[in-house]
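A closer look at the structure
Here is what each chain is made of, one letter per residue.
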Amino acid sequence: MDSGHGKTRVKVEGDRLSSLPDDVIHKILSFIGIKQAIETTALSSRWRYVWTSMPYLNFSSKDFHLLPKFSKFVTHVLSARNNQTEVYSVNLAFRGKVSQVFARRILDYAFSHNVQKLNITFLRGKKNEFPLSLFNSQSLKHLILIGNNYGDAILTPSTWELPNLVTLKIYDFTLNADDTDKCLDLFSNCANLKSLTLYHCRLRGLNGFNICHPGLSSLTLNSLGHDGCLRVNAVTPQLKYLTIRHWQGVLSISAPNLSSLHYKDNYGLFEFSADFLCLKKIHSVEFLTLSLEAIKLLSSFVELISHLPSPFANLKRLKIYPVYLQPEVDMPTEVKNYLLDSSPGATFTMVSHEEIRAVMNFKSARSLMRELQELLDEWKENSETNTARMKQDKAPIESHMSTVHEQVEVENHREQPDTEMKLHFGGRMAHIKNYWGDLNKQLKNGYDNTGLVISMMREIEEVMTKLPASHRAKLEERFFGLCAEAETIMGNVMDCMKIQCDKKPSRSKCLLS
């Protein structure tokens with residue numbers, strides 16, 4: 001009975017997932033890649049076609065050793081998918097150029113099936129020109145573009161046609177201007193845009209950059225760089241949340257309904273426009289965050305602001321961050337009064353240098369861990385590809401070595417040279433030489449990668465030792481996991497090298513005879 005009851009219970013539990021509606025199963029499968037989702041077809045006949053109507057498509061070339069195989073997989077997925085089902089979201093992560101057939105095919109398919117969310121990540125690789133003209137969609141609402149340390153360039157037309165776009169985030173890209181004499185305005189044809197983030201982007205060849213939008217409510221400008229003088233003009237009457245970090249250039253902003261301003265700058269290169277200095281156009285702000293560099297700048301205009309009323313009648317909180325590793329700056333009474341007099345009930349906080357150091361070191365350690373993870377993933381992928389190729393090359397060599405060994409024994413009995421055998425042997429030497437050349441290359445790459453991985457782990461460990469215990473505890477689990485993964489990969493590579501270098505003495509003598 002217990003056995004029978006146990007079987008019944010297992011059967012019922014096994015059917016619980018399969019009995020869920022397709023839309024719930026689709027949501028569950030949205031957290032994994034499409035390749036893994038397709039593999040669920042092996043579970044039962046119930047799952048055979050579930051993936052074909054998924055509205056969530058997650059493609060990554062990291063799942064394949066070679067891009068041609070990835071391209072072939074993309075073609076199979078899109079041709080086998082239920083063409084009547086719309087696509088809600090697409091995540092695409094790949095190496096190489098966006099002009100590749102598979103990238104264009106995915107984008108065209110997504111736009112033709114009314115995609116609403118699109119995330120594109122460029123993995124580590126060569127520079128890549130990315131025309132914004134690829135994105136002309138009536139349905140797209142949320143777009144995220146993630147580059148790689150300025151290594152990817154966007155060719156910028158005057159505008160792009162995304163009338164229903166609500167959220168736009170661009171990370172680690174270079175924005176190139178088609179016409180350096182014009183002031184770039186990318187967003188005028190994005191009528192429904194509410195949130196815009198430009199993070200770690202470089203603006204190249206631009207005379208100016210306009211962000212003029214009647215409906216934009218949230219704007220984040222983080223770590224923007226430029227070649228030459230850059231002026232950003234922001235006219236955003238509905239803007240409520242403004243974040244500016246590590247800014248370089250001149251910012252002119254009109255935001256009469258702003259309720260939150262967060263400004264932080266470590267470089268000391270920020271230049272205020274007159275409107276921004278007087279802060280009249282952000283009078284409704286409730287939460288104000290400034291760096292000491294901004295306080296220092298305001299302090300140089302003490303005579304001017306001492307005769308001006310405080311513009312912040314609705315201020316609830318003022319927070320001041322010190323500039324990282326820069327000397328302390330005392331806040332003049334005139335500046336403090338200018339910021340707080342109209343809001344006597346506002347809370348005022350000065351963040352310490354120690355807190356800033358902890359935050360910066362935490363971010364640095366986390367960033368280094370991401371770089372280490374990318375390096376390990378790439379090394380693992382390359383080593384698996386090389387191992388497969390070496391096994392293919394090694395098989396004919398071992399077969400040939402065995403044949404040569406037998407032929408040499410026959411020759412020794414005959415005590416006469418076999419010219420035909422020697423010619424054949426000489427023809428195989430080039431193949432053997434190439435084999436060992438590839439092996440030596442793998443050994444060198446393994447040595448270089450090992451040194452780089454160990455160096456990065458030591459750097460991460462050094463940064464983590466500077467963190468407070470509470471911050472360090474949040475990173476330790478991931479760091480130990482990366483160390484274990486690195487040890488496994490290096491161990492597998494060493495084992496593979498040992499196997500490939502293992503030769504029987506008798507066969508080696510054949511080469512020397």
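Above this text is the structure in question.
Residues numbered from 1 in each chain as written. Predicted model: local features only at pLDDT ≥ 70, side-chain atom pairs only at ≥ 80, totals over all residues. Heavy atoms only, no water.

In this structure, T220 sits in strand β13 (residues 218-222). With relative accessibility at 16%, the residue T220 sits in the buried group. With near-sequence residues (within four places) excluded, T220 lies in contact with L196, T197, L198 and T243. (Helix = DSSP H or I, 4+ residues; strand = E, 2+ residues; numbered from the N terminus. Buried < 20%, exposed > 50% of the residue type's maximum accessible area, 1.4 Å probe, protein only. Contact = heavy atoms within 4.5 Å.)

Looking now at the nonpolar core. I34, F59, F135, L143, W160, I211 and L339 are the most contacted members of the largest nonpolar core, which totals 88 residues. With seven residues, the single largest contributor to this core is helix α5 (residues 101-112). Sequence-distant contacts of L143, defined by excluding residues within four places in its chain, comprise L118, F135, W160, L162, L165, T167, L168 and K169. Formed by 22 residues, the second largest nonpolar core is a distinct cluster that contains L368, V453, V463 and L482. (Core = buried A, V, L, I, M, F, W, Y, C linked by side-chain atoms within 4.5 Å.)

This next bit is on the environment of N189. Within the secondary structure layout, N189 lies in the loop between β9 (183-185) and β10 (195-199). Judged by relative accessible area, N189 falls into the partly exposed class, the value being 27%. Each C-alpha atom of the pair N189 and W160 lies 6.4 Å from the other, and the pair is 29 residues apart in sequence. Of the polar contacts made by the side chain of N189, one reaches the side chain of E161; its length is 2.7 Å. (Polar contact = N/O pair within 3.5 Å; in protein donor to acceptor, adjacent residues only side chain to side chain.)

Let us now look at the pattern of salt bridges. Tallying each qualifying case throughout the model produces six salt bridges. A salt bridge links R46 to D22; its shortest N-O distance comes to 2.8 Å. On the criterion of sequence distance, the pair formed by R46 in the loop between α3 (34-39) and β1 (56-60) and D22 in helix α2 (residues 22-29) is long-range, its members being 24 residues apart. Judged by relative accessible area, R46 falls into the partly exposed class, the value being 30%. Accessibility expressed as a relative area gives 33% for D22, which makes it partly exposed. Between E286 and K316 there is a salt bridge; the shortest N-O distance is 3.9 Å. In this pair, E286 sits in the loop between α6 (274-278) and β20 (287-291) while K316 sits in the loop between α8 (302-305) and β21 (317-321), placing the two residues 30 residues apart along the sequence. (Salt bridge = Lys/Arg side-chain N within 4 Å of Asp/Glu carboxyl O.)

In this structure, strand β5 (residues 142-146) lies alongside strand β7 (residues 167-171), joined through five bridges in parallel fashion. In the strand pairing of β7, H142 is matched with T167. (Pairing = 2+ DSSP bridges.)

Between helix α4 (residues 67-80) and α5, whose axes approach to 9 Å, the crossing angle comes to 25°. Taken together, α4 and α5 sit at an angle that is classed as roughly parallel. Here the hand of the crossing between α4 and α5 comes out left-handed. Here α4 contributes L67, F70, S71, V74, T75 and L78 to the contact with α5, which in turn contributes F102, R105, I106 and Y109. A per-class count over the contact of α4 with α5 returns seven nonpolar, two polar and one charged. (Axes fitted to C-alpha atoms, helices over the stretch in contact; angles between N-to-C directions. Parallel < 35°, antiparallel > 145°, perpendicular 65-115°, else oblique. Left-handed = near helix turned anticlockwise from the far one by under 90°. Nonpolar A, V, L, I, M, F, W, Y, C, P; charged D, E, K, R; others polar.)

Enumeration according to the criterion identifies eight aromatic pairs in this entry. Ring geometry for F64 versus F73: centroids 5.0 Å apart, planes at 40°, classification tilted. For the pair F64 and F73, one class covers both residues: buried. Taken together, the ring pairs in this structure connect F64, F70, F73, F94, F102 and F122 into an aromatic cluster. Cation over ring: K35 sits above F64, and NZ or CZ is 5.8 Å from the ring centre. (Phe/Tyr/Trp six-rings, centres within 6.5 Å; stacked < 30°, edge-to-face > 60°. Lys NZ or Arg CZ within 6 Å of the ring centre and 35° of its normal.)

With respect to the secondary-structure elements, A255 resides in the loop between β17 (249-254) and β18 (260-264). Residue classification places A255 among the buried positions, given a relative accessible area of 0%. C-alpha of A255 to C-alpha of K240: the two residues are 15 residues apart in sequence and 7.7 Å apart in space.

So, about the pairing of β20. Most of β20 is tucked away, with four of its five residues classed as buried. Pairing of β20 with β21 involves five bridges; the strand directions are parallel. Directly across from L290, in β21, lies its bridge partner I320.

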